[in-house]
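Structural description and commentary
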Amino acid sequence: MFSRRDLLAVSAAGAVMTASAASAASFGNPDQPPQGAVNARGPGNLTDPGPQNPAIAGQFPSSQSPPATHIGGLPLDWASFNIAPKRIQNGGWARQVTQADFAISEEISGVNMRLTAGGIRELHWHQAAEWAIMTYGNCRVTVLDVHGRPYVADVKAGDLWYFPAGAPHSLQGLGPDGCEFVICFDDGKANEFNTLLLSDWFAHTPPEVLAKNFGVPAETFAKIPLQNLWIFQGTLPGDLAADRKAAGRNASAAPHPFVFSLASSPPTKQNAGGDVRVADSSNFTVSTSISAALVTVRPGGVREMHWHPNADEWQYYIKGKARMTVFNTGPNARTTDFTAGDIGYVKRNFGHYVENIGDTDLQFIGVFRASRYEEVSLTNWLTHTPPALVAQHLNIDEATIAKWPDNAPGLMPKS
Ligand code: MN
Ligand code: MN
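Rules and cut-offs
Residues numbered from 1 in each chain as written. Chains lettered and ligands numbered in written order. Predicted model: local features only at pLDDT ≥ 70, side-chain atom pairs only at ≥ 80, totals over all residues. Heavy atoms only, no water. Helix = DSSP H or I, 4+ residues; strand = E, 2+ residues; numbered from the N terminus. Buried < 20%, exposed > 50% of the residue type's maximum accessible area, 1.4 Å probe, protein only. Contact = heavy atoms within 4.5 Å. Areas by Shrake-Rupley, 256 points an atom, 1.4 Å probe, with all protein chains shown as cover. Lys, Arg positive; Asp, Glu negative; His and termini not counted. Charge placed at Lys NZ, Arg CZ, Asp CG, Glu CD. Polar contact = N/O pair within 3.5 Å; in protein donor to acceptor, adjacent residues only side chain to side chain. Salt bridge = Lys/Arg side-chain N within 4 Å of Asp/Glu carboxyl O.

1. A word on the overall build of the chain
- A tally of helices and strands in the chain yields 10 helices and 25 strands.
- The principal-axis extent of the C-alpha atoms belonging to the chain is close to 95 × 50 × 35 Å.
- When the 415 residues of the chain are sorted by exposure, 45% land in the buried category.
- Restricting the contact set of the chain to residue pairs at least 6 apart, pairs at least 24 apart contribute 75%.
- For the chain, the accessible surface area stands at approximately 20,800 Å², while carbon and sulfur atoms represent 58% of it.
- Averaging the coordinates of the 31 positive side-chain charges in the chain and doing the same for the 37 negative ones gives two points 3 Å apart.

Take a look at the structure:
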């Protein structure tokens, strides 16, 4: 067997190539002009004498030396909480990546927040719906549904919450060490720093109106904060049952939970390559504008080639090392590297796959502005199309196509 490099060398030397060799020479390097280090003829093509930042360059080997199949110029699909400035207050901090910083992220914006034990994200509401995944610790959430029914719950790592647009809510870190989580808004422009805050409305309402509204003397409001709180240190709440009872006050409880334990839910796909867990309005009833897939990929495995017909995919990388390639018409194909704390983004219907290139499990969550999770698996399509038709497209015999997985596996293990 000739290697591709051997064949290219033969070609470069001007040797006459057979038809089959000419075809093989372009395998894995199909486009004109040829791209990739494999085509470099001299050492100057591979060096980079200019200014360097080795720490950043080292995180992006697929940018430094893209695969030879890379073509065109898709927009940047990488962002990271690791480089987002923190707004730190007594009680915790938050940082965010919105469309203002990440142009491609039209449908979803992301917030990473830490609350100390007792730290409170103050009572507030906003224009966008809020979906979140807990990544650390324990948190108590409160929310009021549109029918005035309260809901109070405690969440832990791997759990989700969903608050509809306009639903008033709060978050508080619990013991022993508070919590950390990632919020997604169903609007790429939504901003955690300009939510509607309880303290702001009180401070900017005339005391006599407050008095009338609440049916108590105006002096009741003499000590309200005149600056907003946003995040502040509070005292740890009591037990959950007592908080639920206290919030009940002549109202019935909200019938549908606003939280969901995704990490401990049964996987929708599971094999030697890893597993996928899905939360959408079919199992997490209240989550009508967001669906999500929590994906774990074993070392060397790949999240199979697929696309999503109904929404863009906003990804948050929880652990491990990933390399994702995105494909669109043009042709365009772009490969980018991701590590923990990074954000990826794939426009709807763009083909993509995610490889685990590390030696530990890779885990990421894909978040979609859609009521239901939907994907199209490439193998599932090609194994449920008349084999003779597929064979004529790809010059692959039908017996080989018959060996392809026909169950939309979700993941494929290291081969
Ligand atoms: Mn909120
Ligand atoms: Mn996907």
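2. Regarding the environment of Arg87
- If you trace the backbone, Arg87 turns up in strand β2 (residues 87–89).
- Taking the relative accessible area as the measure of exposure, Arg87 reaches 26% and is therefore partly exposed.
- Sequence spacing of Arg87 and Phe193 is 106 residues, and the spatial spacing of their C-alpha atoms is 9.0 Å.
- Sequence-distant contacts of Arg87, that is, excluding residues within four places in its chain, are made with Gly92, Trp93, Ala94, Phe193, Asn228 and Trp230.
- A polar contact is formed between the side chain of Arg87 and the side chain of Gln89, at a distance of 3.2 Å.

3. Remarks on the pattern of salt bridges
- All told, the structure shown has 17 salt bridges when counted by the stated rule.
- Notably, a salt bridge pairs Arg149 with Asp145, separated by 2.8 Å at the nearest N-O pair.
- By relative accessible area, which is 22% here, Arg149 ends up partly exposed.
- Given the relative accessible area of 12%, Asp145 is considered buried.
- A salt bridge links Glu375 to Arg303, with the nearest nitrogen and oxygen atoms 2.6 Å apart. With Glu375 in the loop between β23 (362–368) and β24 (376–377) and Arg303 in strand β17 (residues 302–307), this residue pair connects regions lying 72 residues apart in the sequence.

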